[in-house]
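Analysis of the macromolecular model
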Amino acid sequence: MTPQIVTLLIKCPDQKGIIAKLTSFFYIEGFNIISSQQYTNSEEKKFFMRVRLVADSSVGLSKKEFERRFKNLAELYSISWKIDYGSKKHKVAVMVSHTSHNLYDLLHRHKEGKLHCKICMVVSNHLKLKPVADMFGIPFHHAPVIKDTKAQQEQDVISLYKTHDIDLIVMARYMQILSENFINHFPEQIINIHHSFLPAFQGANPYKRAYERGVKLIGATAHYATQDLDEGPIIEQGVERVSHESTVSSLKSIGAEIETSVLARAVNFHLNNQIIVDGNKAIVFPETGE
C-alpha cells in the first residue's frame, strides 16, 4: 500500500478496551493515527469512531490484505465499518425541479473547489433550470414526470446513475417523492434539503404553514432520504429568528439562505466521511482542520 490517508468509520457495541484494541491493531499493522474521534452513546451502549490513518512508507500491505485483517478483528467485536482511501472524488448528481438557489450555490462551490467531488450531472423533471447547468458546464438531463410514467422515469434515472457510477445524489429541492424502490438502490447516498426545521412542517408548503402558525423561528434540515417522507437521519439543521411582521414571501427569502448553507455543510460532511448512520440517527463528527 503506497503512503496515503485512510479514513475508517466504525460502530459497534460499547465494550471495555475497544479503543485500545483498535489503536493497537493500527500500530501493529504499521499505521500512524493522524486524527481520532470517538463518541459513546451510554444510553444505548454503542461506540462510534472516526479515525484517519497514514501508512508508514515501509508498509507493503495491500488494500485487500489490510481489509481482510481488519475484518477478522471486526468480527471479534461486532464492528460495522466503512473505509475510504481518499484516492478518488465522489461522483455526484444533483436533482432539482423549479427552485434555483440550492443549485446555484452547489455549482458555484463546486467550481471554486469547495466541494471535494465531481458533479457529473443535473437531473430535473422540468427544463427551467437547464440554463443554470449550462452556465457551469454541467450536463443536464431532463426526466419529466407524469403519473402514468413515473415508475419508468425512476427506472431510467436509476439506470443513468448506475451507468455513471454516481456515489451521491443531492435533492436540491427536487419536488417529487422518490419511491421505496429508488431509495433502496442508493442507501445512505441520497441527501435531501427540506425547507423547515424538522420534524416541524413536514411535507409541502412549510413556509406557508409556518406563517399561518406564527412561528418565531424558521429553519432548514438536510437529511438522508428514506422511504418515510422527511423522516430520514438528520445530518444538519439551521434556524433564523423571524417575527409577526414576516410574510410568506419574506420567510421564503430568509429560508433560502438557510437552505443553501445547511445543504452545503451536509454534503461536505458526507464527502469528508464525517457521518455514521445508526438506525434513524446520523452521528456527525466535527471537522478537525485536516
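Residues numbered from 1 in each chain as written. Predicted model: local features only at pLDDT ≥ 70, side-chain atom pairs only at ≥ 80, totals over all residues. Heavy atoms only, no water.

1. As for the side chain of Glu154
Tracing the chain through its elements places Glu154 in helix α5 (residues 150–163). Overall, Glu154 belongs to the buried group, its relative accessible area being 4%. Look past the residues within four positions of Glu154 in its chain and what remains in contact with it is Ile177, Leu178, Ser179 and Phe182. (Helix = DSSP H or I, 4+ residues; strand = E, 2+ residues; numbered from the N terminus. Buried < 20%, exposed > 50% of the residue type's maximum accessible area, 1.4 Å probe, protein only. Contact = heavy atoms within 4.5 Å.)

2. Remarks on the pattern of salt bridges
All told, the structure shown has 14 salt bridges when counted by the stated rule. Close ionic contact of Glu29 with Arg69 constitutes a salt bridge, the shortest N to O distance being 2.9 Å. With Glu29 in the loop between α1 (18–28) and β2 (31–41) and Arg69 in helix α2 (residues 63–77), the pair connects residues that are 40 residues apart, well separated along the chain. Look at Glu29 and you get buried, because its relative accessible area is 13%. (Salt bridge = Lys/Arg side-chain N within 4 Å of Asp/Glu carboxyl O.)

3. Description of helix α8 (residues 248–271)
Taking 1.5 Å of rise per residue, the 24 residues of α8 would be expected to cover 34 Å, and the 34 Å separating its terminal C-alpha atoms lies within 8% of that figure. Immediately downstream of α8, the backbone of Asn273 shows phi near 55°, a positive value. (Expected span 1.5 Å × (residues − 1).)

4. Re helix α7 (residues 206–213)
Buried within α7 we find Pro206, Tyr207 and Ala210. In an axial view of α7, the angular spread of the buried residues amounts to 100°, which keeps them on one side of the axis. Where α7 is buried, its residues contact β9 (190–194), β10 (217–224) and α8. The positive-phi residue at the C-terminal boundary of α7 is Gly214, with phi of around 70°. (Arc of directions from axis to C-beta.)

5. Section: the side chain of His195
Mapped onto the fold, His195 is located in the loop between β9 and α7. Not counting the four nearest positions on each side in its chain, His195 is found in contact with Arg173, Met175, Pro206, Tyr207, Gly219 and Glu259.

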